Each structure stands twice: as structure tokens, then as C-alpha cells.
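Here's the letter readout for the chains.
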Amino acid sequence: MNKKTYAGIEEQFSKLDSSKIVLIPVSYDGTSTWQKGADKGPDAFLNASENMELYDIETKTEVYRQGVYLANAITESSSPEAMVEAVHKTVKGYIKKNKFVTAFGGEHSISIGTIRAFNECFDNITVLQLDAHADLRESYQGSKCNHACALYEASQTTNLIQVGIRSMDVIETTVMDEDKTYFAHEMTDDDSWIDSAIDQMTENVYVTVDLDVFDPSIMPSTGTPEPGGLLWYETLDFLRQVFEEKNIIGFDIVELCPNPKEKSSDFLAAKLYYKMLTYKFLNDEVDDEFDNNFNESKIGINKFSKFSDDDDN
Ligand SMILES: [Mn+2]
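Reading guide: rules and limits
- Residues numbered from 1 in each chain as written.
- Predicted model: local features only at pLDDT ≥ 70, side-chain atom pairs only at ≥ 80, totals over all residues.
- Helix = DSSP H or I, 4+ residues; strand = E, 2+ residues; numbered from the N terminus.
- Contact = placed C-beta atoms within 7 Å.
- Pairing = 2+ DSSP bridges.
- Axes fitted to C-alpha atoms, helices over the stretch in contact; angles between N-to-C directions.
- Parallel < 35°, antiparallel > 145°, perpendicular 65-115°, else oblique.
- Left-handed = near helix turned anticlockwise from the far one by under 90°.
- Nonpolar A, V, L, I, M, F, W, Y, C, P; charged D, E, K, R; others polar.

1. Observations concerning unusual backbone geometry
Here's step 1: The peptide bond linking Gly105 to Gly106 adopts the cis configuration, its omega dihedral lying at 15 degrees.
Here's step 2: One can find Gly106 in the loop between β3 (100-105) and α3 (110-121).
Here's step 3: One non-glycine residue, Asn98, lies in positive phi territory at about 65 degrees.
Here's step 4: Tracing the chain through its elements places Asn98 in the loop between α2 (80-96) and β3.
Here's step 5: The phi dihedral of Asp135 falls on the positive side, at around 55 degrees, and the residue is not glycine.
Here's step 6: Mapped onto the fold, Asp135 is located in the loop between β4 (125-130) and α4 (152-157).

2. A look at the environment of Glu62
Here's step 1: One can find Glu62 in the loop between α1 (41-50) and β2 (68-70).
Here's step 2: Between the C-alpha atom of Glu62 and that of Leu277, which follows or precedes it by 215 residues, the distance is 9.9 Å.
Here's step 3: For Glu62, the residues in contact, after removing those within four places along its chain, are Leu54 and Tyr55.

3. With respect to the sheet that holds β4
Here's step 1: The 8 strands lie next to each other as β2-β1-β3-β8-β7-β4-β5-β6, forming an open sheet whose pairing is parallel. Edge positions in the sheet fall to β2 and β6 (181-183), since each has one partner strand and no second. Strand after strand, the sheet turns through a mean of 15 degrees between neighbouring axes, direction not considered.
Here's step 2: The sheet contact formed by strand β5 (residues 159-165) and β6 spans 3 bridges and is parallel. Each bridged residue has a counterpart across the sheet, and for Val163 the counterpart in β6 is Tyr182.

4. Here's the deal with the packing of α2 against α3
The packing of two helices is summarised by the inter-axis angle and the distance between the axes.
Here's step 1: Relative orientation of the contacting elements α2 and α3 amounts to 40 degrees, with a least axis distance of 7 Å. In terms of orientation, α2 lies oblique with respect to α3. Considering how the two elements wind past one another, α2 and α3 form a crossing that is right-handed. The residues of α3 that touch α2, namely those facing Met83, Val84, Glu85, Val87, His88, Val91, Lys92 and Ile95, are Ile110, Ile112, Gly113, Thr114, Arg116, Ala117, Glu120 and Cys121.
Here's step 2: Across the contact of α2 with α3, the residue classes break down as 9 nonpolar, 3 polar and 4 charged.

See below:
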């Protein structure tokens, strides 16, 4: 991947020191079982982002001015476990630098690493998963770091809330907490699921978006599309409310499997990422200090010296 700035923004908004936001591309597609190509997701996402308008009409803001540092892509692929550890270590490093950390995959197994890092740095976290698939198998095809297991660890170690689910194996019913699961077929009845899901969240919320949560009519370029998914504005309405009411500590977007003949999915992913940043920083002036509020005692560092902590990973 060529080193460039996120969305082609000017260099002054893309330096690590002054950026509040860090974007980590993770080009990994080692365990996908059907259509391959999620490793090409970050490049397609970045290309679409470069061709996107940076003024947000809905909020009248330009969130890129908060600064977005594009980290080197994580390309570790020797094993699913090694990839997860590389993601975990890199994410934790940027959290300790007081950044708002985001990642773009890659297949969903990358989120095992991101969630593990956030769970080690923040207290009492909720993981909000938007996904067509439950991803709750304890292991699959010999690995606990398979995409089919992406949320198993989170189901055991965090307050996991699953939204948009419409495909799972019967074995996953033994792991799933149905009270905190919002199945797609039930969400179409009315929108009371929105308040119900938010009521179940703790203050610190990490969001993982598997793009196959969207309906294939608007998001066909994903590894395992499933009919009956979410549409654009209902998803944004939900996310905006979550970002308003909770402290979003970070997020990832995964499973863009680009098709050169179908670019609209790349643009949906680009716009979704930008919208989520926009909602996060809606009430922050560019000159405001940013504090990601990680729990320094939990990870054993002195917050006042964290900027001299120079281990880059
Ligand atoms: Mn998934």
C-alpha cells in the first residue's frame, strides 16, 4: 500500500502528533470461507475516501480538521493468531498515545485484536456489533481466530450487543445472549429496538461494523452477503443516537470485499467511516484538547508521561 494521507487531506491534518484520530488499515483475509478479497478492502476504502466530499451536510462540519493519522497497514498474515496479536499490540500503542483509534479491515477476525486492546485499556466496555452473522463460534477450522469466531471472546469478556443478525449455526445459540441480540427480522416490525439496545449499553462503547449488516442491495461487495439487511438512513439514525448518548471509545469497519465493477460499496464504506467520525466529534472544536479517557491504572502507565512513551507499537 502506498503511503498517502487519509482521504487526500492536507499534510497539516494528517500528522501523528496533532491528529486526534488514528486509522489503522488491516489487510487480512486469511480465513474467509467463501468469496476472497477482504484483504483488498483497505485500499478500495482509501481510494473511495479520496474521492469523497469532506463537508458533512447533515452536521455542517468537516471532521477531518480534527486530524486523521493514517497508520502503516498491518500486513501480518503468517497465522490468524499472529495477525490478531499484531492488531492488538498496534491498537493498544495508539490508545496509550491518547488517540481515538479506528481500524479498517480486512475480515472480521481482526476485531478480536482491536476489542482485546480496548478491553484492556477501558473499564466495563460494551461491544456493539452490527453484523449479519453471529460470529460466536468458539473455534472454527482449527483456529479461535477465524472470522466465524470474531465475537466469541467479546461474548465472554465484554457486554456484547448484537444488531442485524440473520444467519447463525445452531451451536451458536448456546453462546448467544438472546436478550442482547436484535435479529433483523424483528427489527423490521418497529424501531423500539433502538432505545432497547442503547438502554443495555454501558458508558464505554466499542463499535464493530461488519459491512454485511447492510442489505446487499446497497452493499453487495462483501464476502458473505445475506438478504434482509439494514438500509443507510436507519443505520445512521441508530449510530448517531448511540454516539450522542454513549462514550464511543473506538470502532472498526470490516469485510469490504471490493469488486472493480461495483464501486458503490467502496463509497458506502468510505462515507460510513466519515459519518462515524463526524458523530464522534460533533461537539468538539478543532482546538479542544482530546482525552480518550483510557484507564491508565489498568494498563500501568502514568498518564502524564504517556507522550514520552515512545514504543511506537
Ligand atoms: Mn462478522
